[in-house]
Every structure is written in structure tokens, then in C-alpha cells.
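Here's the letter readout for the chains.
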Amino acid sequence: MAELDSLEFGKSDFVLLDEVNMEQFLANLKLRFQKGRIYTYIGEVVVSVNPYRPMEIYGTDVIASYRGRELYERPPHLYALADAAYKAMKRSAKDTCIVISGESGAGKTEASKYIMQYIAAITNPSQKQEVESIKDVLLKSNCVLEAFGNAKTNRNDNSSRFGKYMDINFNFNGEPTGGHINNYLLEKSRVVKQQAGERNFHTFYQLLSGGCEEMLEALGLHRDANGYRFTREGAICNTVSDDKLNHRAVLRAMRVIGFSDEEIQSIYNLLGTILHLGNVEFENDEDMAVIRDLDVMEQIACLIGSETDAVRRALLYRTVATGVGEVFNKGHSPEEARFGRDAFAKALYERLFCWIVRRINHVIEVKDYDPARHGKNTVIGVLDIYGFEIFDNNSFEQFCINYCNEKLQQLFIELILRQEQQEYQREGIEWQHIDYFNNQIIVDLVEQPHKGIIAILDEACLNVGSVTDTMFLDTMDARLIRHPHYTSRKLCATDKTMEFRRDFRIRHYAGDVTYCIEGFLDKNKDPLFQDFKRLMFNSSDPVLKEMWPEGHLSITEVTKRPQTAATLFRNSMVALVEKLASKEPYYVRCIKPNDAKCPLALDEVRCRHQVEYLGLLENVRVRRAGFAYRQPYARFLLRYKMTCEYTWPNHLMCSDREAVEAIVNQHGFQNDVAYGISKVFVRHPQMLYQLEQERLNLIPIIILFLQKVWRGTLARRRCRQMRAIYAIMACFKHHKVKAHFREVERRFANVRNMSDYGKSVPWPSPPAVLRSFQENTQYLFRRWWARQIIKNIPPSHMPEVRAKVAAMEVLQGERMEWGHSRTWERNYLASIKDGGPLAGQFTKVAKDLQSKDAYSAVLFSCLIHKVNRFNKSKERALLVTDALIYKMEPRKKFKVLKKVPLSVVTGVSVTSGRDQLVVVHTVQKDDMVICLQGAGADENEDHVGELLGVLADHFKRVKKPLQVAVRPSAIPLHMCGKQRTVSVEKRSGQRQSEFSKSRGGGFVLRVPDH
Ligand SMILES: Nc1ncnc2c1ncn2[C@@H]1O[C@H](COP(=O)(O)OP(=O)(O)OP(=O)(O)O)[C@@H](O)[C@H]1O
Ligand SMILES: [Mg+2]
């Protein structure tokens, strides 16, 4: 119940009336109407009164103020209802429909346009191009359909002469994705005849006053509605709308929708054809119709893409096939020709209208919709159908229209009154029954099989022979004599308001309507000579051809009798009601305040009548006694359980009902609800609003909670995966290690028996974890391998081996030539082979020196060159023992010239070349510079490695440091404490190595260049 307007404007919801009676209802309606409040609620039903003046309540700011609001938050408005229908559709993915009812001129079409406008305005905030164009077409389709389907009547200047039900499809995001229009029974008789003061369909006048000169000329028309029989009646009518402007708007709309220029041309060609047809006169020539004015035939032929003669023949003759297949042409009487012409004009217009609807549907139909991908497709249906009408002269069309309104009233009763009350009973809610008039009896009067008026009418049409409208009336009088809602002059002879043998009356829910029986049979049969169908099918214009597909049937083909107009209409109404009943309905009940189309005047009698027949008082009573909202306990819980600590996340109570009670009690709504067997009933929507609000506030927290839980789940899952990965990795590593060990074992299993003890066996590359282990293993293996090699070396060879190892270590690969491949004799001077005849002499001297200087062993001896005091190269002998180094004169019985204790030796320098230069560095900085001489036959034999080896080995054993330096060519040294350099110089022609003084104060060792 809207509370935003103060009481000065009356009660915004009729439910709030102090007493529910007609006086108060009308007083409130009138007060609000006079204060410019044209909308009032009955719960969720909007009662709308036609203001007959432009209102400032439809602007974008108003739309914005209703957007997303609950119904009762803002003053009553169509926008609030549209929003509620949209929200309900979005919230629960349910189809909804908005049923707009009321009599002709009450404002249904206007209401439907405002509703569509609102839905279009609030959807697609991101302005998606495809959605925008769908909305555009949906809105523009109104303009086109109104031009072709609306006309000025005595009740309404823009009366819908067809029924329209439009479905708007939405995707799961709530964006319009398309739609579909169902049209119902166009009042086509208007094309050829209008009541006094009424007009033909707008489009004819729009064309005649708005069409450009060239267009009119091409159509052969004059800008004068008075000049055409079909528009003459309406030519003098004043209308509020501007035909000229509207013509342009319709053209624009057709282009926006996607009509091609050719299609638009075909449409206007048809309108021209119809206007020309109206002017075709038939003259009597011996009871046969003839046409004198052949120009008009030519014009029509040109417009419908046919031959003049074909048009003439179709209008004057009927092709008849005999039972034996013979075909002949039967000429029409003038009467028949006129009938045929009018039927043709009506059919042309009806087909055109249906084709336009189909064409629009083709554009707006939802294409490529895949529910799996796009989510559920939901629908809002908007029904704007001709209102209940009572004219001075009511015919077949009014009968159908009023039957349609009976059906819709029945639906209203069904949904709002009956089902509601039944539900309270079913759910065991205490309830006082409210009486209402159920119009089912009138619906039955019209549509009941065998007994209803439609059945009787169809029966009459089925009869071959000359059954007349009057005979049909007689049958009705006979069969319906006892029906309380049917009467006629014959059944009620005193009632002079009905004509004898012409009128019958139905007591509709909305009032008594007297129908004139004339034309009922013809309109129901709706006959059209096949010749016209063939004429149109053979048109050269593909658009026209498409409208008349059955024209291809040959003359002799027997077609099934088509269903009658009334049956077709009844079926479409049944389907419509079914469609509406399957959706959640929202109602707009339109009231026409006066018949004079006058703003501010509220005719109480007229309004009282409408309030009565619309059942609005009953609606208020049911609503007041009832509940605004109901929901099964489980669903209610599901939606609101987060608002109560006892129900979130799950309740522990015995039933959902108790849980719902807990929610209701926690919020203090105890007095606002009733508990049914399976549903909770909520009296006022405010309670729901509060719950919704609370829910809305809690949703972000719940989402955060869900995110937290989900993130935790993801993290745990990731953790499990990682653990598994590590377990797999550990197993794999284990496997790799084992496999590696197995491989090593396999490769090295037999190395003991190999000739090289496995030296050539390649090691498998180890997994990373075993890299350092493998290095150690390889080291151990090398030691083992060395052990195997060394094991076989005799002890006498060991000193040599050690010396070689020591030499290798100290040289570190920096000297290429170091004599490792030969046997190291070491004590060359003592050897007969190398020392020659002096060997015995040397051995004796060495022995003496051993006892004298107490050294234990000779490490090395050989001949050398040295530099003497005068810087001259001299030959000497070198003896290296484990205590001293002796320099001796070989030619003087190995007289000791100098001895250097090994304890003062700090290092040895050699060159990287092949020369035999050796510098022995001492602590006293008086270094010994010598050049070793080859022993025996080979002068060039290398002894540097051997000397280095024995010295290094000795120093290693006594654990004393020995600096060994390998220089490229020049060696720095000290001589008597002074810094000197000895360099090596290769000289061709030099026979043996010899020292000489260099220019800088150092020495040069000249060596032979080979
Ligand atoms: N909300 C409104 N504001 C201003 N004028 C309105 C409004 N509703 C209706 N009217 C006026 O009333 C006229 C008739 O309204 P409308 O055509 O909607 O009636 P209807 O119920 O559709 O009638 P019918 O059953 O004959 O089609 C409109 O042409 C317009 O002039
Ligand atoms: Mg209308």
C-alpha cells in the first residue's frame, strides 16, 4: 500500500477504505481523479482512470524513481506494476503477463505503451546494440500496428480494432532478446462500411493526407478521402491526431523495423487497390453485372501486378466446377458482384494486416537461442485487446469482442477471486467467503459445444440452402429460451428496445448488449470467391503472392470447408486464456470516466457501472480479507533463512513451518502472517520488503563467506594435489636413485676382471641428489683403481712412481715435457750406463759424503751446467740427497764445490719449455741456477721432471713446503741477495745449452733450436 502521497489525494489503495462499499469506492476514485491521481491500487492490481489529457507523470525522472522499487514504495503507477512484473520474472525466472482490461476508450492501449516504454527504459543499461535494436523494433511496432489496426470509433478516436498480445522475451540477464505478437480478429468489416461518425482504419487517411504527390499519383489516388466510398464516412470526422505527421512516423517506423522499400510499396499498392475497389460500380445488364469504368480496372491491375481483364473477370465471374470436372464461368448478378467486391476488399486488408504482423514477428523473433548457453528464456506478456463495447448497432464483431472480454473476466475471476479463495480453504486459513458474480454462465452461453451461440451459428452456416440470419435467430430463440442471459423480442415481446426478428440481447457481465442479427451468417462464413485468391496468387508482386498462398489450388480441387470466423476466434481465445493462465498475472483495470472524452469529468453512473462489472469491489474485499503474498514454507525458508540465526545456514527444528515461524517471530511479524498447511501467508507486502532489504544486506556477507569456503576448498584441494605430487616425486626420486645404483652396480660388477679395472667404463649420469655422492664414489673408485694398479708395482719401483706422482702434482700440466714416460734412474752419476767411467769414483765420493754429512739416501744426481762467478758456463755434477744438495767438480774427482742443505731450499722454478733450466731458491736469497744435462746417449732427455719429482716427493714426506713455479721463459731469482733473471733463448747452431750473461745483469740460457 503506497504511503507516499498524503491523504489529501485520497487513499492510494482501495484496500485502505474505511468501509468497502460503492459510495466510498467511487468517492475515493473521484477524489484521486480530480487531484490528478489517475492510478490507484487494489493490492497489486492497478485501477487506472483515463485522464483524457496529457499527464506529466511519464518522464525519464519518473521512470528512474520507480526503477527497482517495490510496488508499495512509490505512489501507484503503471511503472510500479511493470517493475513488479519484471522483477518477479527476474527473481524467480517465471513468466509473467500484464493483462490490461477495460471498455473501449478506457486507456488500455495507452497503458500498454507506457508499460513497454518503461520496460525498454530500465533494461539494457549497458546499451548493447542488438538489445537496443530489438527494443526499438518492439516500440516501433506499436506505431505501425496502430496505423493499420486502429480506427476512430464513436467510443474512442484511436480504438484498437484488433486484439494484441505481445510476448517480450528476456535472457537470464533480464535483457529483451525478442518478442512475438499474436493478433486477434481484426474488425475487417470496417474496411467497407463504418457507422455514422466513425472512420476506416487510420492508414487510409494517413496515406491520403500524408502521402507525397508522386506516391498518390503512382497509386492513381487523389488527396481527398471524400472521393472514395470506403473513406467517405470518415472524411468529415475531426480527429485529434494528425494524419499527415502520423503517415511520416509510420514510414519511419516501418524502415526501422526492416520493411524494404519494395515491401512498403506493396503495402501502399494494396491500400490504393482497396480504395479503388470501393469505387468500382456494377451496372445491371439483364441481371448480369457489368463494369463500365475500365480505367479503374486498369489501375487496380497495375497495383496488384495483374492483367486488367483478369481483374475484371474476377470481379464479374465466378469459376464453377461441376461434379464431373467440367469448369465454366458463371456471371455475377450486380448484387453478388458487390458482395464479392466487398469481401475481396476486406480479405485484402485482413491479409495485409496479418502479413505485417508476421513480418514484424520475423524481425523480433528470438533467434539462435540456446538455453544451455544463454540461460532460461523468460517472457513478459502484455495483453491489450479490444474493450467491451456497446454501440447503437452491434454486429458480429461486437459479439466476438464482448465474448473475448467475458473470457478475460473469467480469467480474472479464476485467478484473483476464485483460486484465491479456494487456496485459503485448501490451506486451512480461516476465511469468510466473498460472493462475486461468476460470468462462467455467459461464457458458456457463447461457447458451449452444441448449445452455445457459436455452435448454433456454425450449425446454421453448415446448412446448405438458404438459411437466413432470421432463421438463425429463430433457432437461438428456440434453444436458448430459458437462458437467463439471453433474450430477444420474440422471448420478451414487451421490450420495444429490440426489433422483432432482427435483434437478440445478451446480458453480459458488463451490461446488456443488443446485437443486430443481420450479416451474422455471412460474417461467420466469411466467404471469398476462389477467383480472387487465384488472382492474387498470380500477382507479379512477390509480396502480394506471399499473402495468398492457397491461390495455387486448381479450380477442381475440393478444399476442406474452412473453420468459421466465430470458431476460429473462440479457439484463439481459448489458447490466449491458456497462455495467460500459465503465467503470473498482473492486472491493469482501466476505467473510462465519461463518454465525452472530457478531462476532469467523472460520470458517476458510468464509473459505478464499470466498477460493478469489473468486480473491483469484490477484488477489494478478497484482498482486504486475504493476504498479499504466499509461499510454500520451503521456498520462503530458502529465500529468507539468512535473516534469522535459528535458520541459518540450516535449521534444526522439526519442520520448515517451525523454521518459518522462527523467522517471522524474530522479526516481530507475528500479527502479519497466517500459517497454512503448506504455505505461509503474508498479509502486507511491507513485511516482505523488510525481509528483502535484510536479505539484500546479508547477501554480500554470504557471498564473502561462500568465497571464503570455496577458496579454502580450493586451497585444500591444491594442497592435496601438491602432497600427491611430492609423494610421486619422492617415489620417483627413490626409484631413480635405486635405478642408478642398480645401473652402477651392473656396469661395475665385473671391473675386477677387466684389463683396465673399469677405467673405460662410463659412469651413468646420476640424479641430482646423488651428484656429490657419485663424485665421492668416483673418487673412491679411482683410489681403488689406483690401488689395483699400484698393487702390482714392485716396491723397488715405488720411489719412482711416487716421484712421478709428485712431479705431476707440482707441474699441474704446465710443462709439456717432463719425462714421465721413461724410467727414472735418478742417481745417473752412479750408473755405469749413464755416469760412464766416473761412476765408481762418484759412488765412492757419495758414500764418503754420506758418512760425513749423514744423509740417508741419494735422491738424484746428474751432470749440469752452471754459471760461475765470472758468469761463465761450466759443467758440474749435481748430487741431491735427502739432506743436502751438492755441487761437484766432475773433473776433480767430484770435489764438492758447494753444498746447500735442503732445509734452506724454499722452492724450485722451471720453465714450461723443453730446456733443462732449474732454479733452486734458498732462504739466503742466493739461488742455484743450473741446467741439467741429459745422461748417457740422449742429450735431450728431460730430467727436470725427475728432479722436481724427487724433491717434491721428499718435501712431501718430510712435510715441508716446496714452492714450485713453472715460468713461461724467464725465471726471476736472487744471486748473492740481488735480484736477477735468467731467461731461455733458442739459438740455431747452438750445440749444447750454455749460460751467458745478459745485458740487464741477468743470465741467458742459450739452448739449441730443435
Ligand atoms: N494515460 C493517459 N494519458 C493521457 N491520455 C490518455 C491516457 N490513457 C488514455 N488516454 C486517452 O484516451 C484515448 C483512448 O485510449 P486508448 O486508445 O488507450 O483506449 P483503449 O482502452 O485502448 O480503447 P479500445 O478498446 O477502443 O482500443 C487515447 O487516445 C488518449 O487520448
Ligand atoms: Mg486500444
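As the structure is a computational prediction, the values presented were derived from the model and not from experiment.

A. Structural view of the site of ligand 1. Within the structure, ligand 1 sits among 20 residues, and Ser104, Lys108, Thr109, Ser159 and Ser160 are positioned closest to it. Between ligand 1 and the protein, one listed contact pairs an oxygen atom with a side-chain N or O atom of Asn50 at 2.7 Å. Here Tyr58 contributes a side-chain N or O atom positioned 2.9 Å from a nitrogen atom of ligand 1. In isolation ligand 1 has 610 Å² of accessible area, and contact with the protein removes 88% of it. Listing elements by their share of the shell around ligand 1, those giving two or more residues are helix 4 (108-122) and strand 5 (159-160). Ranked by residue count, the leading element in the shell around ligand 1 is helix 4, at four residues.

B. The packing of helix 3 (residues 78-92) against helix 4, seen in detail. Relative orientation of the contacting elements helix 3 and helix 4 amounts to 55 degrees, with a least axis distance of 9 Å. When the interaxial angle is binned, helix 3 and helix 4 end up oblique. Helix-helix and strand crossings are classified by hand; for helix 3 and helix 4 the assignment is right-handed. When helix 3 is examined against helix 4, the residues Leu78, Tyr79, Ala82, Asp83 and Tyr86 are found in contact with a partner set consisting of Ala111, Tyr114, Ile115, Gln117, Tyr118, Ile119 and Ile122. Of the residues belonging to the contact of helix 3 with helix 4, the class tally is 10 nonpolar, one polar and one charged.

C. Spotlight on the coordination of the magnesium ion (ligand 2). Around the magnesium ion (ligand 2), the protein supplies Thr109 (OG1) and Ser160 (OG) as donor atoms, at distances of 1.9 to 2.1 Å. Taken together, the residues Thr109 in helix 4 and Ser160 in strand 5 connect sequence positions 51 residues apart. Each member of the pair, Thr109 as well as Ser160, carries the same accessibility label: buried.

D. Highlighting the UniProt feature "binding site: ATP" (unreviewed entry) in the chain. The positions that UniProt labels "binding site: ATP" (unreviewed entry) are, in the present scheme, Gly102, Glu103, Ser104, Gly105, Ala106, Gly107, Lys108 and Thr109. Looking at the secondary structure, you find Gly102 in the loop between strand 3 (96-101) and helix 4. Setting aside anything within four residues of it in sequence, one finds Gly102 in contact with Lys108, Gly387, Phe388, Asn405 and Cys590. The buried category is assigned to Thr109, whose relative accessible area is 13%. Here Thr109 is in contact with Glu146, Ser160 and Asp384, once residues within four sequence places are set aside.

E. Focus on the nonpolar core. One finds Phe148 and Phe504 to be the most contacted residues of the largest nonpolar core, which totals 197 residues. One finds Ala803, Ala806, Tyr828 and Val910 within the second-largest nonpolar core, a separate group that totals 34 residues.

Basis of the calculations
- Residues numbered from 1 in each chain as written.
- Chains lettered and ligands numbered in written order.
- Predicted model: local features only at pLDDT ≥ 70, side-chain atom pairs only at ≥ 80, totals over all residues.
- Heavy atoms only, no water.
- Near = heavy atom within 4 Å.
- Polar contact = N/O pair within 3.5 Å; in protein donor to acceptor, adjacent residues only side chain to side chain.
- Areas by Shrake-Rupley, 256 points an atom, 1.4 Å probe, with all protein chains shown as cover.
- Helix = DSSP H or I, 4+ residues; strand = E, 2+ residues; numbered from the N terminus.
- Axes fitted to C-alpha atoms, helices over the stretch in contact; angles between N-to-C directions.
- Parallel < 35°, antiparallel > 145°, perpendicular 65-115°, else oblique.
- Left-handed = near helix turned anticlockwise from the far one by under 90°.
- Contact = heavy atoms within 4.5 Å.
- Nonpolar A, V, L, I, M, F, W, Y, C, P; charged D, E, K, R; others polar.
- Donors = N, O, S within 2.8 Å, 3.2 Å for Na, K, Ca; no water.
- Buried < 20%, exposed > 50% of the residue type's maximum accessible area, 1.4 Å probe, protein only.
- UniProt positions renumbered as here; feature names shortened; annotations may be inferred.
- Core = buried A, V, L, I, M, F, W, Y, C linked by side-chain atoms within 4.5 Å.

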